[in-house]
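Residue strings, one per chain:
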Amino acid sequence: MIHLARNIKSWTKPAVAAFCIVCLVVFIRNLSVSWNDVAASISSFLRRPWLVTVEVALMILNIGVESVRWRCVRRAFTQGSWADDVKASLRGVSLGNVTPGNVGEHVGRASSYPEHGKAGAASVLSSVLQTAVIALMGGAASLGLARADGGHTVGIVGLCVFIVLAILTFLCGGSLLGKFGVRVGWSGGLCAAAFVNVLKVCVFSFQFALLLSGGGWPSPILFQSTLLYYFLITVIPRVNLIDVGVKGGVASWVFGSGLCSEATVNAAVIFIWVLNIVLPSIVGFATFVIRRKVSQ
């Protein structure tokens, strides 16, 4: 049984990478067919300076909220400054974006503190807490969509995914946490982190929905669909830096039921991918280089 588990684990990373590459190829192929429409949608974003300014401001706000969220959890484990927390958040983004399952996220965060082990444990707990909040908000959004007029199929599917995930968490979560020695009381800091997680999900969802609505105020159905989309791309295993194909495929399915045009969806996915993934990753990797030069 242990040997089987090890074999499955050894195949997981290449399988996830292959899945992301296949999705990326399909996404690029679809883009090539409708590139003129997608380029027109991207141009429409860029022709609105106020929209670009708001999107960049929301990206910066997202990093700030992430730093606050991480600080709330980290303080229960080890000491550090605000500068350390911002640096850890950026490093977590950069390394998490190039590794399957965001494994590098924990290395990036832990590298910013003298007590690597304690910071790493805090990072694991932080990610678990974040996933739980995203899942709860995604489940609530799925329920709202499923109960809407006509019962949106995406909502029903999302609700099924949430139920399966909840059952697996109930059956395996406790034993896994005990196995890895993650035993932390529900302190005030963790409660604060949970509330900040809600804010982070809302900031990203509004940022994405704002693009999908063409700069207008997102409708309740569109915002709920964005929460569901965020939930689905969180639970799907992927390598973030090359997962734009996965995100594009999921977005096309979630928003393709008359909410937005295919070109607008693909343009928004590319815009958000560059703004929220590529740019923060570059900044995060730069902190490693700067530190190396300073130490030399």
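Residues numbered from 1 in each chain as written. Predicted model: local features only at pLDDT ≥ 70, side-chain atom pairs only at ≥ 80, totals over all residues. Heavy atoms only, no water.

Caption draft 1: Focus on the confidence of the model for the protein. Predicted confidence across the protein gives a mean pLDDT of 83, with 86% of residues reaching 70 or more. Across residues 178-184 the pLDDT falls below 50, and counting only partners more than four positions away or on other chains, this stretch makes six contacts in the model. Here residues 292-296 scores under 50 on pLDDT; set against residues more than four positions off or in separate chains, the count is zero contacts. (pLDDT = per-residue confidence, 0-100. Contact = heavy atoms within 4.5 Å.)

Caption draft 2: How the structure looks around the pattern of salt bridges. Scanning the entire structure with this criterion turns up nine salt bridges. The shortest N-O distance in the salt bridge between Glu66 and Arg109 comes to 3.1 Å. With a gap of 43 residues between them, Glu66 in helix H3 (residues 49-74) and Arg109 in helix H5 (residues 103-110) connect regions that are remote in the sequence. The class for Arg109 is buried, based on a relative accessible area of 1%. Taking the shortest distance from any N to any O, the salt bridge between Asp85 and Arg71 comes out at 2.7 Å. Taken as a pair, Asp85 in helix H4 (residues 82-96) and Arg71 in helix H3 lie far apart in primary sequence, 14 residues in all. (Salt bridge = Lys/Arg side-chain N within 4 Å of Asp/Glu carboxyl O. Helix = DSSP H or I, 4+ residues; strand = E, 2+ residues; numbered from the N terminus. Buried < 20%, exposed > 50% of the residue type's maximum accessible area, 1.4 Å probe, protein only.)

Caption draft 3: Just the environment of Met137, in detail. Looking at where Met137 falls in the secondary structure, it is placed in helix H6 (residues 116-146). Considering only alpha carbons, one finds Met137 and Phe231, 94 residues apart in sequence, at a separation of 7.8 Å. In this structure Met137 touches Val198, Val201, Cys202 and Leu227, once residues within four positions along its chain are discounted.

Caption draft 4: Structural context of empty space enclosed by the protein. All told, the structure shown has one cavity of 30 Å³ or more when counted by the stated rule. As a volume, the largest cavity reaches approximately 40 Å³. Lining the largest cavity, in full, are Phe204, Phe208, Tyr229, Ile233, Lys247, Val269, Ile272 and Trp273. Elements supplying a minimum of two residues to the lining of the largest cavity: helix H8 (188-212), helix H9 (220-235) and helix H11 (262-295). Considering every element that reaches the lining of the largest cavity, the biggest residue donor is H11, with three residues. Residue composition of the lining of the largest cavity, grouped by class: seven nonpolar, no polar and one charged. (1 Å grid on protein atoms, 1.4 Å probe; cavity = no way out; pocket = protein on both sides within 12 Å on 5 of 7 lines; lining within 4 Å. Points joined across faces, edges and corners; volume = space filled by probe spheres on them. Nonpolar A, V, L, I, M, F, W, Y, C, P; charged D, E, K, R; others polar.)

Caption draft 5: Region of the structure containing the packing of H9 against helix H10 (residues 244-255). Running from N to C, H9 and H10 point in directions that differ by 145 degrees, and their axes come no closer than 10 Å. As H9 packs across H10, the resulting crossing turns out to be right-handed. Counted together, Leu222, Ser225, Thr226, Tyr229, Leu232 and Ile233 of H9 and Lys247, Val250, Ala251, Trp253, Val254 and Phe255 of H10 form the full contact between these two elements. Residues belonging to the contact of H9 with H10 are distributed by class as follows: nine nonpolar, two polar and one charged. (Axes fitted to C-alpha atoms, helices over the stretch in contact; angles between N-to-C directions. Left-handed = near helix turned anticlockwise from the far one by under 90°.)

Caption draft 6: Region of interest: H9. Taking 1.5 Å per residue, 16 residues should reach 22 Å; H9 reaches 23 Å between its end C-alpha atoms and fits that length. For H9, the complete set of buried residues consists of Leu222, Ser225, Thr226, Leu227, Leu228, Tyr229, Tyr230, Phe231, Leu232 and Ile233. (Expected span 1.5 Å × (residues − 1).)

Caption draft 7: Looking closely at the nonpolar core. Core analysis: the largest hydrophobic core is formed by 51 residues, its most contacted members being Phe208, Leu212, Tyr229, Phe255 and Val269. By residue number, the principal contributor to this core is H11, which donates eleven residues. Once you skip the residues sitting within four places of it in the chain, Tyr229 turns out to touch Phe204, Phe208, Lys247, Val250, Ala251, Val254, Phe255 and Val269. The next biggest cluster of nonpolar side chains, apart from the first, holds 14 residues, and it includes Cys72, Ala110, Leu125 and Leu190. (Core = buried A, V, L, I, M, F, W, Y, C linked by side-chain atoms within 4.5 Å.)

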